Amino acid sequence: MTQVSITPLLMAGGAGTRLWPVSRDSMPKQFIQLLDDGLSTFQATLLRVKGAPFGRPIVVTNQEFRFVVAEQMQALDIAGDIVLEPERRDSAAAVAVGALLAQRQVPDAVVVALAADHVVKDVEAFRADCAAAGALAATGLIMTLGIVPTEPSSAYGYVEPGEPLSGKGASRLSRFVEKPDQATARGYLERGFLWNSGNFVFSAETMIDELERWAPEILAGAGAAVDMATSDLDFIRLDPSAFGTIPKTSIDYAVMEKTGQAGVLAASFDWSDIGAWDSLHAVAVKDEAGNVLQGPILAIDTTDSLLRSDDMLLTAIGVKDLVAIATRDAILIAPKSEAGRVKALVEQLKAQGRPEASEHLRMYRPWGWYQRIDLGARFQVKRINVKPGGKLSLQKHFHRSEHWIVVRGTAEVTLDDTVSHVHENESIYLPIGCKHRLANPGKIDLELIEVQVGSYTGEDDIVRLEDVYART
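### Notes on empty space enclosed by the protein
Evaluated as defined, the whole model comprises one cavity of 30 Å³ or more. The space that makes up the largest cavity amounts to roughly 40 Å³. What lines the largest cavity is simply Arg48, Leu114, Ala115, His118, Val120, Phe126, Leu145, Asn199, Phe269 and Trp271. Among the residues forming the lining of the largest cavity, the class breakdown is seven nonpolar, two polar and one charged.

If you want it as structure tokens, here you go:
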């Protein structure tokens, strides 16, 4: 078959709550380093689709993650179109927007739609399978990348291959089935069913035609959102009103379960959606006792367990098949067999109003990050890190004063009409109501301790007067 050029569409807007407490709404799993390769799964996905037969990627993500996406792409020296969703709308909206944008760039575009939080280790097999699926997609088929099951799992949906197509492992897609129970899953394996990876290859024209036929309201909303999109720095910001009319549903429900154009390719590459901690244990590098140990860990007489700590020392003695995850503000302990219940745990935490359910202690911003150290009735202490060249907004507060103590680097501080430089082991006081800004003019990270004192220290007591990142 003739090789076709393929436009990668990376869907990177999910929350990933099943890997709490490491993955949370404020920084989900696709942007976190989960394995020992030094990359986030989003970055690993970008590298898999770099170079022929792939073209310039389109990344669809939530507006809250735009600077993280841009920074992680820049770290790999990969350019692409970053499209911002005003709110989460599941995969059908992302696929519709991506198909429309790809067709406007290349009228006969073939697209591979990929979740940004999956793990694939055999990159060459992945690329070869995408090329094979792309050739079939160019003929008008919407190809699902099906995964040959390694076990009768009830964690995945399945697809049933039908009439064979030209090309190794390619078939018409007979039907989709939902996540089964264990006994049903065993029957599916015996009958040659495949796992549904949720990744698809299609021509933009075919997907748009099928959306028009089976989900016209999704296509209409996506089309209007793209037509009225605005440029915001280096981002494409979809129109919020139009995007909000798109029904919240998956591309499986919207199109794939109804279309007569569906095909499936039995993938030759390994795959995991790392949908829970036990899935991560399955794909990560293990020691001789079958343990995955990440961070400052000491494990004695411990087997087949996943132990991870972001900061504090985590120790274990005489445990087996355990998941123990420690972050700076939350700890998860569970039998590995119960890892799939983490999402329900997070829902309970949210119902209780626990901020740890959604927010990390360390919050990332386009200029760097801040981390809460202590919080009291009338005070808050933060550690602030500003990247070289980073600049916070010109702002003021109504309810708090601030004291900044520089511990590393040099701070450029605007205080009303005065600009001064504050060096290591120096400090500056910012009274309530003053206009102020912090910037890093140096070549190393700027680190300081901020002490806030006042009747209210919440993040919404910020009036931005000027912002280089176009935030409001």
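### Observations regarding a nonpolar patch on the surface
Side chains of Leu298, Ile300, Leu313 and Ile317 sit close together on the surface and give an oily, nonpolar patch of about 430 Å² of accessible area. Turning to its location among the elements, leucine 298 is positioned in strand 13 (residues 297–300).

### Let's talk about unusual backbone geometry
With an omega dihedral of 5°, the bond running from tryptophan 20 to proline 21 counts as a cis peptide bond. Within the secondary structure, proline 21 sits in the loop between strand 1 (6–11) and helix 1 (41–48). In this chain, alanine 52 is followed by proline 53 through a cis amide linkage whose omega measures 10°. Among the structural elements, proline 53 can be located in the loop between helix 1 and strand 2 (58–62).

### Topic: the packing of aromatic side chains
Applying the stated criterion to the full structure yields eleven aromatic pairs. Seen in terms of ring centroids, tyrosine 188 and phenylalanine 193 are 4.5 Å apart; in terms of plane orientation they differ by 10°. Their pairing is stacked. Comparing tyrosine 188 with phenylalanine 193 shows no difference in burial state: the two are buried. Through a chain of ring-to-ring contacts, three or more aromatic side chains come together here, namely Phe31, Phe42 and Phe65. One residue, arginine 48, lies across the ring of phenylalanine 126, its end atom 5.2 Å from the ring centre. The ring of tyrosine 370 has lysine 382 lying over it, and the distance from NZ or CZ to the ring centre is 4.1 Å.

### Some details on the nonpolar core
Judged by nonpolar contacts, the single largest core of 94 residues is most densely connected at Phe42, Phe269, Trp277 and Leu438. If near-sequence neighbours (up to four positions away) are discounted, leucine 438 is found in contact with Ile384, Val386, Lys391, Leu392, Trp404, Ala411, Glu412, Val413, Leu446 and Leu448.

### Regarding a negative patch on the surface
Where like charges cluster on the molecular surface, the negative patch consists of Asp108, Glu205, Asp209 and Glu212. The topology assignment puts aspartate 209 in helix 6 (residues 204–214). Judged by relative accessible area, aspartate 209 falls into the partly exposed class, the value being 44%.

### Digging into the sheet that holds strand 25 (residues 427–430)
Read from one edge to the other, the open sheet built from six strands follows the order 18-19-20-27-22-25, with strand pairing classed as antiparallel. Every other strand in the sheet has two partners, leaving strand 18 (362–365) and strand 25 as the edge strands with one partner each. For this sheet, the mean angle separating the axes of adjacent strands, direction not counted, is 20°. Note that strand 22 (residues 400–408) and strand 27 (residues 446–454) share eight bridges and pair antiparallel. Within strand 27, the position partnered with valine 406 by the bridge is leucine 448.

Definitions and cut-offs
- Residues numbered from 1 in each chain as written.
- Predicted model: local features only at pLDDT ≥ 70, side-chain atom pairs only at ≥ 80, totals over all residues.
- Heavy atoms only, no water.
- 1 Å grid on protein atoms, 1.4 Å probe; cavity = no way out; pocket = protein on both sides within 12 Å on 5 of 7 lines; lining within 4 Å.
- Points joined across faces, edges and corners; volume = space filled by probe spheres on them.
- Nonpolar A, V, L, I, M, F, W, Y, C, P; charged D, E, K, R; others polar.
- Patch = residues over 30% accessible without salt bridge, like charges linked within 9 Å, V, L, I, M, F, W, Y side chains within 5 Å.
- Areas by Shrake-Rupley, 256 points an atom, 1.4 Å probe, with all protein chains shown as cover.
- Salt bridge = Lys/Arg side-chain N within 4 Å of Asp/Glu carboxyl O.
- Helix = DSSP H or I, 4+ residues; strand = E, 2+ residues; numbered from the N terminus.
- Phe/Tyr/Trp six-rings, centres within 6.5 Å; stacked < 30°, edge-to-face > 60°.
- Buried < 20%, exposed > 50% of the residue type's maximum accessible area, 1.4 Å probe, protein only.
- Lys NZ or Arg CZ within 6 Å of the ring centre and 35° of its normal.
- Core = buried A, V, L, I, M, F, W, Y, C linked by side-chain atoms within 4.5 Å.
- Contact = heavy atoms within 4.5 Å.
- Lys, Arg positive; Asp, Glu negative; His and termini not counted.
- Charge placed at Lys NZ, Arg CZ, Asp CG, Glu CD.
- Pairing = 2+ DSSP bridges.
- Axes fitted to C-alpha atoms, helices over the stretch in contact; angles between N-to-C directions.

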